[in-house]
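Here are the chains, one letter per residue:
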Amino acid sequence: MAVDALCSPLGPPACEKDAKALQFIEQMTRNADAVQACVLAEILSRNAETEYLRLYNLDGATDRESFKSKIPMVTYEDLQPIIQRIANGDRSPILSSYPISEFLTSSGTSAGERKLMPTIREELDRRQLLYSLLMPVMNLYMPGLDKGKGLYFLFVKSESKTPGGLLARPVLTSYYKSDHFKTRSFDPYNVYTSPNEAILCPDSFQSMYSQMLCGLYERKQVLRLGAIFASGLLRAIRFLQLNWQELAMDIRTGTLNAKIFDSDIRQCMARVLRPDSELADFIESECSKDNWERIITRIWPNTKYLEVIVTGAMAQYIPTLDYYSGGLPKVCTMYASSECYFGLNLNPMCKPSEVSYTIMPNMAYFEFLPHDPTSPTGATSDKLVDLVNVEVGKEYELVITTYAGLCRYRVGDILRVTGFHNSAPQFHFVRRKNVLLSIDSDKTDEAELQAAVENASKLLNAFNTSVVEYTSHADTKTIPGHYVIYWELLAKDSNNFPTNDALERCCLAMEESLNSVYRQGRVECNSIGPLEIRVVKTGTFEELMDYAISKGASINQYKVPRCVNVTPITELLDSRVVSAHFSQRLPRWTPERRR
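From a predicted model like this one, the values you see are computed outputs, not experimental measurements.

### Regarding helix α11 (residues 230-253)
End to end, α11 covers 33 Å across 24 residues, agreeing with the expected 34 Å (1.5 Å per residue, within 8%). At Asn243, α11 is deflected by roughly 70 degrees, the largest bend along its length. Downstream of α11 by a residue or two, Gly254 has a phi angle that is positive, lying close to 70 degrees.

### Quick notes on the nonpolar core
Counting residues in hydrophobic clusters, the biggest one holds 165 residues, and the most contacted among them are Trp300, Phe366, Trp487 and Met510. With 11 residues, α11 is the largest single contributor of residues to this core. Val536, Ala548, Val560 and Leu573 belong to the second-largest nonpolar core, a separate cluster that totals 11 residues.

### Some words on the environment of Thr183
Tracing the sequence through the fold places Thr183 in the loop between α8 (179-182) and α9 (196-199). When the C-alpha positions of Thr183 and Asp546 are compared, they lie 61 Å apart, and in sequence the two are 363 residues distant. Within the structure, the side chain of Thr183 is placed 2.6 Å from the backbone oxygen of Asp179, a separation counted as a polar contact.

### Some details on helix α5 (residues 76-87)
Within an α-helix, residues lying three or four positions from one another point in the same direction, as the helix has 3.6 residues per turn. With 12 residues, α5 should reach 16 Å at 1.5 Å per residue; the first-to-last C-alpha distance of 14 Å falls well below that figure. Residues of α5 that are buried include every one of Tyr76, Leu79, Ile82, Ile83, Ile86 and Ala87, and no others. For α5, the angular spread of buried residues about the axis comes to 145 degrees, placing them on one side. After α5 finishes, the residue Gly89 shows a positive phi value of roughly 120 degrees.

### As for the sheet that holds strand β3 (residues 149-153)
With parallel pairing, four strands are arranged side by side in an open sheet as β3-β6-β7-β8. Here the strands that pair on one side only, and so sit at the sheet edges, are β3 and β8 (330-331).

### What about the side chain of Glu488?
Tracing the backbone through its elements, the reader meets Glu488 in strand β20 (residues 482-491). The buried charged residue Glu488 lacks any salt bridge partner; its closest oppositely charged side chain belongs to Arg576, at an N-O distance of 9.3 Å. A distance of 3.1 Å separates a polar side-chain atom of Glu488 from the backbone nitrogen of Phe541. In contact with Glu488, other than residues within four places in its own chain, are Ser466, Val467, Val468, Glu469, Val536, Lys537, Thr538, Gly539, Thr540 and Phe541.

### Regarding the domain arrangement of the protein
Here the domain parsing of the protein yields domain 1 (16-121 + 336-432), domain 2 (146-155 + 172-303) and domain 3 (436-582). The centre of domain 1, based on its C-alpha atoms, is set 36 Å off from the matching centre of domain 2.

### What about the packing of α11 against helix α15 (residues 318-325)?
In the contact formed by α11 and α15, the axes pass within 10 Å of each other and the chain directions differ by 45 degrees. As far as their axial angle goes, α15 and α11 are oblique. Regarding α11 and α15, the two cross each other, and that crossing is left-handed. Residues Ala230, Leu233, Leu234, Ile237 and Gln241 of α11 form the contact with α15, whose participating residues are Thr320, Leu321 and Tyr324. Split into classes, the residues belonging to the contact of α11 with α15 amount to six nonpolar, two polar and no charged.

### Observations concerning the pairing of strand β14 (residues 395-401)
The side chains of a regular strand alternate, residue by residue, between the two faces of the sheet. Along β14, seven of the seven residues are buried, which leaves the element largely enclosed by surrounding structure. On β14, burial covers both faces: Glu395, Glu397, Val399 and Thr401 on one face and Tyr396, Leu398 and Ile400 on the other are all buried. In this structure, strand β12 (residues 365-371) lies alongside β14, joined through seven bridges in antiparallel fashion. Looking at β14, one finds that Phe366 is bridged to Ile400. Across five bridges, β14 lies against strand β15 (residues 409-421) in antiparallel orientation. If you follow Ile400 over to β15, its bridge partner there is Tyr409.

### Some details on the pairing of β20
The element β20 is extensively covered by neighbouring structure, given that eight of its 10 residues are classed as buried. Where strand β19 (residues 465-475) lies against β20, 10 bridges are found, and the strand directions are antiparallel. Each residue of the ladder has a partner; that of Thr465, found in β20, is Ala491. From the end of β19 to the start of β20, which pair antiparallel, there are six residues. Bridging between β20 and strand β21 (residues 532-536) involves five bridges; their strand directions are parallel. Paired with Tyr486 across the two strands is Arg534, which belongs to β21.

Parameters at a glance
- Residues numbered from 1 in each chain as written.
- Predicted model: local features only at pLDDT ≥ 70, side-chain atom pairs only at ≥ 80, totals over all residues.
- Heavy atoms only, no water.
- Helix = DSSP H or I, 4+ residues; strand = E, 2+ residues; numbered from the N terminus.
- Expected span 1.5 Å × (residues − 1).
- Bend = angle between axes of the 7 residues up to and from the residue.
- Core = buried A, V, L, I, M, F, W, Y, C linked by side-chain atoms within 4.5 Å.
- Buried < 20%, exposed > 50% of the residue type's maximum accessible area, 1.4 Å probe, protein only.
- Polar contact = N/O pair within 3.5 Å; in protein donor to acceptor, adjacent residues only side chain to side chain.
- Arc of directions from axis to C-beta.
- Pairing = 2+ DSSP bridges.
- Lys, Arg positive; Asp, Glu negative; His and termini not counted.
- Salt bridge = Lys/Arg side-chain N within 4 Å of Asp/Glu carboxyl O.
- Contact = heavy atoms within 4.5 Å.
- Domains from an automatic or database assignment.
- Axes fitted to C-alpha atoms, helices over the stretch in contact; angles between N-to-C directions.
- Parallel < 35°, antiparallel > 145°, perpendicular 65-115°, else oblique.
- Left-handed = near helix turned anticlockwise from the far one by under 90°.
- Nonpolar A, V, L, I, M, F, W, Y, C, P; charged D, E, K, R; others polar.

Pasting the structure below:
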């Protein structure tokens, strides 16, 4: 099968293995509707005797019409009682006829805890298949990647066990700990500087330190830098800013810092470490400068691109990435979640604002709920649209049916159709539904923020003070980024205004009220900085309303936005700040124990 549709001006596939991968993409996307019909039939056939499908009297039917007429669209909250039964140890075929092998913890939350997504062992093969398609596409646009290595900052996170004994962990932790990753075959186009031992170390400091040290030793071999999210790559740069002196000392002496005590890391790093005073001098010279502009290309001069997610909430990090990299291309390769891996970017060198993902129809059965961004509810219709029938320019909420037994499950992602590759649609990721604030993998919605403000404001009662109005902002100018909450206060006794200590305790109280994903980012991953409350002058929110009305907002329909991202508005708020206060302690967080 020809692969002309995927060939860039740079030429043909880099090797025979790439050619087969590109042929597979073409075959899947040319026959998207037929593939989707087969996927649905296979899912329904294999799960026909499950409790869930029997509940809706599908009676073994595998056609779309029966499926659509009988199976309802659901949210996580609808499925939570069933999922909890599985978590508690029920091994009967409830959602899937295949055994649930583990739970993948979603970055979204329900009642403040990570969602548990059931998965089956064969899903690892499906995810690995999608991974295997990324470099064949990338090689079309960026030749010569087999001549060097990738410096990717990859990490595992805490895992727990459910009462029934199943593991519950993030999807990438599951993948990195699998044989698919640990015993992967050698691929000259996909070699990492980081050893597996460093990636698999659960201590984030030791993992980052050793990965950075390996990247510095092989700085001239590095052709691409990456992390999962843009925020992760910026944390690595910040880590270098804070630890370059110790890293340089290790390179100068050929010994490993005593802070790195993980035995597996020390053993593997013994094969990497060597005294190199010239390299140490270079690191000290570059990192001691006040100006860190273009530090990425100064340290790693052969870097061709950055591989990070910069769509959705991560777009806020693009200016900072440009500063540190000198404007290197930012590549988003794939679109995935804990529930399912969806598709890939067939034009990886495009601008971040133009990133579109082509849904691979073999990954799951996909449907789309029409979404109206101008509607208060967001809905335009409750009738789901098939993969090949979506319309260019329109927005949809993604709904999936997976091999692991999720049926017509609302993922919560809002997507806009930008075009088609063959008969498979391409989507621009617009946003997560209902997410107000996000720094890393955290997702805080308006209800959570409201509850946090209410809990924290109770500490003001002793001062006879209340919160008149508030809004918020995700400040990504700091590394790591942090939540900024703007408070306008009403103090009934001007001689008893809340003290700095009280407002710092308010910051901590807010953090204690936020979900477990946020608190893990603060405590374990160091991916989120301390929450900040900025107290603004009396009357500030009236000025904010006046500004909105001057820009065309209706005075009758105006309500205070609970999150602000527009520069003139944040500048207005910041110009009215009278004091700023940070959380001085870490919120409580321990690896979740599943009830």
